[in-house]
Each structure stands twice: as structure tokens, then as C-alpha cells.
Amino acid sequence: MASYDSKDLIVLEGLDAVRMRPGMYIGTTGVNGLHHLLWEIIDNAIDEIANGYGNKVEVILHKDGTASVQDNGRGIPVSPHPKLKISGVEVVFTQLHAGGKFDDNNYKYSGGLHGVGASVTNALSRWLEVTVCKDGKKYFARFESVESNGKIHSGSPVQRLKEIGNTNLKGTHVRFLPDDRVFRDVKFDYDTVLERLKETAFLNKGVHIELKDERTNTHQSLCYEGGIRDYVSYLTEDKKPLFAPPIYIENEIKDTYVSLAIQYVDTYIDNIFSYVNNIPTPEGGTHEVGFKVALTKVLNDFAKKNNLIKEKDGLFIGDDFREGLVAVLSVKMKNVQFEGQTKTKLGNVEARSRVESVCTQGLTEFFATKKNENIGKIIIEKAQLASKVRAATKRAKDINRAKNSIDNSQLIGKLASCTSRTPEINELFIVEGKSAGGTAKQARDRYFQAILPLRGKPLNSEKKRLDQVLANEEIRTIIGAIGTGIGQDFKLENLKYNKIVILSDADQDGMHIRSILLTFFFRYMPELITNGNIYIGMPPLYKVSSKDKEVYCYTDEELAYETSLVKNYTIQRYKGLGEMDAEQLWTTTMDPQKRNMMRVSVEDKVMADKVITTWMGDDVSARKDYINKNANFNKIDNFTTNKPEDEE
Ligand code: 1YM
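All values derive from a computational prediction rather than experimental measurement. (Residues numbered from 1 in each chain as written. Predicted model: local features only at pLDDT ≥ 70, side-chain atom pairs only at ≥ 80, totals over all residues. Heavy atoms only, no water.)

Within the chain one finds 20 helices and 24 strands. For the chain, the residues scored as buried account for 52% of the 648 residues in total. A sequence separation of at least 24 residues applies to 69% of the contacts in the chain between residues at least 6 apart. Total accessible area on the chain is roughly 30,300 Å²; 50% of this is exposed by carbon and sulfur atoms. (Helix = DSSP H or I, 4+ residues; strand = E, 2+ residues; numbered from the N terminus. Buried < 20%, exposed > 50% of the residue type's maximum accessible area, 1.4 Å probe, protein only. Contact = heavy atoms within 4.5 Å. Areas by Shrake-Rupley, 256 points an atom, 1.4 Å probe, with all protein chains shown as cover.)

In C-alpha cells:
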């Protein structure tokens, strides 16, 4: 490995730019952005460990609102940078994109644009302290965002790096206080940090990660000797795995390191979690293609060899082998290129053949082993079922297509479409209940707002096959109205409405309908969620009327506040949408100028999957536990919901 020296650091930009436009560097100034500060520091520590220096990372959430991260790697370089004449530490924390990390010769694998750098954390902190132990000595530096003449100077060194003693330890320690002038909320969330560290620990087998929360005296040690094998077991722990332990293969080819763990469960969706250099690639890419091609080929070969394929049926297709598949694919390689809408899709062409070759070889060997034959047969059996259903579904779809004209007229009867043919401005309200639907039809601006009333509860699509989902009339109507098609046939460009708003009552039934619809979108049209098209409408819970004004309240807190302002008042409680007249519904819930809506997003695919499995699956006691722990109908757990205004 090439040796590092401060002269290799590349200097690009200044810190004040970060404070001017934080969104450009950390996405938002909401909770996600806040946690981003911590990820930057943790990523540097993990990178160091993953490259073979040290084996332990400790993260502490302190009582004073600070967070600290410590590793036992080499320590950030301390020697002065020849051009900038400042220490390596100062370069890392004050220069954007500074880092030998981005230089090809240093780290073998690095995330490319992923780590925008520790300097961003410094720029958006009130203060940040670094301690480095290296070559027998201990060093210290402190940075502050200081205000003078009404201007904030971000991350200025107030204690230049100095030697503060001797030590026989090595490593880097960083502690910082997020700036409350930048972030609305500066409280780190234990569960969010824990989930992130868990994922990191799974992807870096054998690394010891410790998380301590001094605010609550909780702590957790994470270390998975099984790596992504343990990850797959974790992902399937509340489902029904078809064999044990998960299949695992790993190998290196041309400086590309590939590891794969797979399991099958008794549901029908496929869940592939892929990573490149520890960075999630939810949009997939060349590595995923390589894996899928290999899986299909090896399993078809196995089926042929064991006479499990009938001549007349032909080979299985890829989809047949992906029903109920849970897989984690982790690739480490140089010079990664990301593409796609959210830059989370791997673009490197060479990754495809390399991953395909490692997976083909590994899986072939696995199934050629006598004791694994049974596992192969279990998978083929599942694929046979999938293939049969596929044939049946195709027939159903053909019938459906033929029926299309009838379906359309049915749809037209239900759907009150809008006049505009510009999807960018169009909105579809899916409204619970016929009567509320009627009110919404009167209330809307018919130029760009369409209304789809739901008669009953739509089908719970968790644990259902596509053909069963398609058999449900309510669901079919929704699919028809949205225009994109579903599953394999999904086409985002055919989306008829930029905003799809779920409008249900703020009670248990409404919550259930909302969950069912979110589950359906998450499982069958996830692109709509990642693309930010799904919203939850927020009708008010109360109206407070006093002598000279009327105000709507959306939470109990708002109600308490509003009633504290006036003397004589009456409260009207809205039990459901149906209790509002058209004008009220328009002002409170549908008027783009005044309404309150939440955009649905999935920050964490793993948590969302686990929540849906518990919430919509068939383990009743797990669901009860979950509800008891999280009973709050105004919170949509793990589908994070953002008000659009929050976004930069
Ligand atoms: C608690 C946070 O940042 N650890 C850390 C960072 C670096 C190194 C070691 C390191 C890297 C290299 C050489 C190299 C970083 N160095 C740089 C830069 N923990 C934490 N531990 N020697 C030490 O990349 O070759 C950026 S991060 F830019 F100085 F090389």
C-alpha cells in the first residue's frame, strides 16, 4: 500500500460555503442532516479499520449534546502540509474534500464521492476537538464556529494542533457539538445511530463497534464474525427461513472483492440489499445484474442436472428464483461510479462480469456439494410454484387487458378525474369512505385534483402474491388510476399524478387503511416512494371557535396552545373526514396554500421492511408488542414523513 504524507492532500473549497448551503452537502438540516455529521466521522474511522489498521470503533452520545468517535487506527497524519503549511489534521477538518482517501494510490477501496468529509462536520458544529495518538505522542486541536461582526466563521482552528504528551496508544478521537443555529433539532437518536452501526458491523465482519448513550445509560456492543451471513439471519429473523444457515460465498477477482449471503423465506417479494464499498445501492446496478444472472443460471443448471425441469416447461426465468429471496451482496472495488436518480446505482461495467463470475463459481460449488442438494431442491420447488403462478397471472393479466374497457368504465364511475393533462401539477386524493369521497369531490379544485373514493378496506398485500393482489378490485382501481402499471410492468414515466395523497380518518381504522396503502406502495410500487410521490393528507383534529376567530388544530399540543390564548371558546372535534363540509375540507386539507401534508420516504429499507413484516404479517403477538410499544396514530413509524417545506 502506498504510504501517506500530508503533501498528498488535495484542497478544493472553503468551509463557509457549507454553512451557506448546508443542503448541498448533507441533504437537509432536519434530523437526517444532523446524523450525517456523525456518519462522516464514523465513516472515516471505519474506513481506517476496513483497510486493516486497528479493529475497534467506539461511539458515544454525551449528555451535553455532543457525540464522540474513537478508533484505534494509525491516527490522522499530523505532519505539516507542504503547500498549506498546516498539519494534516487541520487540512482534514478545514478543507473540503481533503483527503489522501480520494487518491487512488492510498486506500484500496473508497466510496468515491460518498464521504464529503469530516470538514463538513466541522463547518456545521459549534465546536470540534480532535485528539490523535501516533508514533508515541499525543496531539490535540480544537475548532470553533465563532461569530464576529454578525458573521459566523465556520470551523476556525482556535487551538492549533499541538503535542500534549506521550502515549503508547494509537488512534483518532473526535468530539463535536452540532450547531443549533443550523439544525432545528440537535438531539441524536439512539435507535438511528444503532441501526446504522449495526449495518456497518454486518458489512465489516469482526470489527468491534461500541455504542454508548450517556444520556440514558444504555450501551450496545456489536461484532459479527459471520458478517453478511449474520446480516441475512437478522433480516429473516421474524420471517420463516426455508433452510439454515444462509448460503455464503466470497472471493476476489481482479482487485474486486465480492461477498454474498442468501436465504429464502415463505413470502413472495424479493429483497436484495446490495452495497459497494459499504455504501448502500438501493437502485441496484451492474453488480446486482451480475448476481441475478449467476443465480438464475446456476439454479437452472442444478434443476436440469437433477431432472427437476420438464422439457415442455422450459427454463425458469429470473423472477421465479427471486420470490422470497433475501440476499445481501457486498462488493469492494476501486474507482466506483454511481448513476441513477439518487446516485445510488452502480455504473461500472466491469463489476457485472466480475460479480457474475464469483457468484457462478461459488454457487455452483455450493450446489454440487452432496449435503447441499436438499437446499437446491427446496429452492427449485419454490421456483416451480412461482413459475406456475406466473403462467396463471399472465393469463389473468391477458383477461384483464381484454376486460380493460369494462374496467375503465368502472374506474371512470369511481374516479373523479381532473381536467389538466399535466402530470407534474396533478394530484390524486385516495379518500377513505364514500361520503368523505363525495365531500372531497365538491371541495377539490377540479382543474388539477382528482378524487378516488375507497369503498371498503383494500386488500392487505403483505403475504399475497401478485395475482391475488391484482384480483382485489380496490387495488386494481388504484393501479388503473395511477397509470404506471405494477411490478415488472411499472413505468414511472406513465405516472399520471405527481402527488398521490392518502386521505384517511385520524382513528384506528384510518390508520389501518393508511398502513395497507403504504404497504402496497412499498411492496409493489416502491419507486413512487423513492421518487417522493406519496403523501399523507393531514386533516385537522379540532376546530376552536372564539368571538373573533376560528382556528384548526392538527395535534393535541396545538389545541392546548390555542385554547390558552382565548377566554371563551368552543371546541369541535372532528372524528372523521365526513364531519367536515366541502369548504372546511378544502381549507384545512386540500388547498395547497394552507394544507398540511407529509411526504412519505423510506430512509432505512431494513427497518421499513421489519416494521411492515410485523405490522402487516401474520405474527399476532409480535404485532401486539409492536403496537404497545409504538401506539401513536400520528406517527408513521419508519416511513419517515417530511413536510415538503422542510426540504432544501
Ligand atoms: C474518529 C475518526 O478519522 N480516523 C482516521 C482517519 C484517517 C486516517 C486514520 C489515516 C488515513 C491515511 C493515512 C490515508 C484519515 N486520514 C485522512 C488524510 N477517525 C478517523 N484514521 N493515515 C491515517 O488515507 O492514507 C483523511 S481521514 F486525508 F489525512 F489522509
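Remark: helix α6 (residues 190-203) packs on helix α7 (residues 228-235), axes separated minimally by 7 Å, with the N-to-C direction vectors making an angle of 135°. Classified by the angle between their axes, α6 and α7 sit oblique to one another. Contacts between α6 and α7 pair Glu195, Lys198, Glu199, Phe202 and Leu203 from the former with Ile228, Asp230, Tyr231 and Tyr234 from the latter. (Axes fitted to C-alpha atoms, helices over the stretch in contact; angles between N-to-C directions. Parallel < 35°, antiparallel > 145°, perpendicular 65-115°, else oblique.)

Core analysis: the biggest nonpolar cluster contains 65 residues, and Leu38, Val59, Phe93 and Tyr231 have the highest contact counts within it. Aside from chain neighbours lying at most four places away, what touches Val59 is Leu38, Ile42, Ser68, Val69, Val193, Leu197, Glu210, Leu211 and Lys212. Leu428, Ala481, Ile482 and Leu517 belong to the second-largest nonpolar core, a separate cluster that totals 40 residues. (Core = buried A, V, L, I, M, F, W, Y, C linked by side-chain atoms within 4.5 Å.)

Moving on, we get to the side chain of Glu195. Relative to the helices and strands, Glu195 resides in helix α6. A polar contact is formed between the side chain of Glu195 and the side chain of Tyr234, at a distance of 3.3 Å. (Polar contact = N/O pair within 3.5 Å; in protein donor to acceptor, adjacent residues only side chain to side chain.)

With respect to topology, three strands assemble into an open sheet ordered β21-β20-β22, the strand pairing being antiparallel. At either end of the open sheet lies a strand with only one pairing partner, and these are β21 (550-553) and β22 (569-573). The mean inter-strand angle of the sheet, taken between neighbouring strand axes irrespective of direction, is 20°. Running at roughly 155° to β21, helix α17 (residues 556-565) makes contact with β20 (542-546), β21 and β22 of the sheet. (Pairing = 2+ DSSP bridges.)

Between its first and last C-alpha, helix α8 (residues 286-305) extends 29 Å over 20 residues, near the 28 Å set by a 1.5 Å rise per residue. Directly after α8, the chain includes Asn307, whose backbone phi takes a positive value near 50°. (Expected span 1.5 Å × (residues − 1).)

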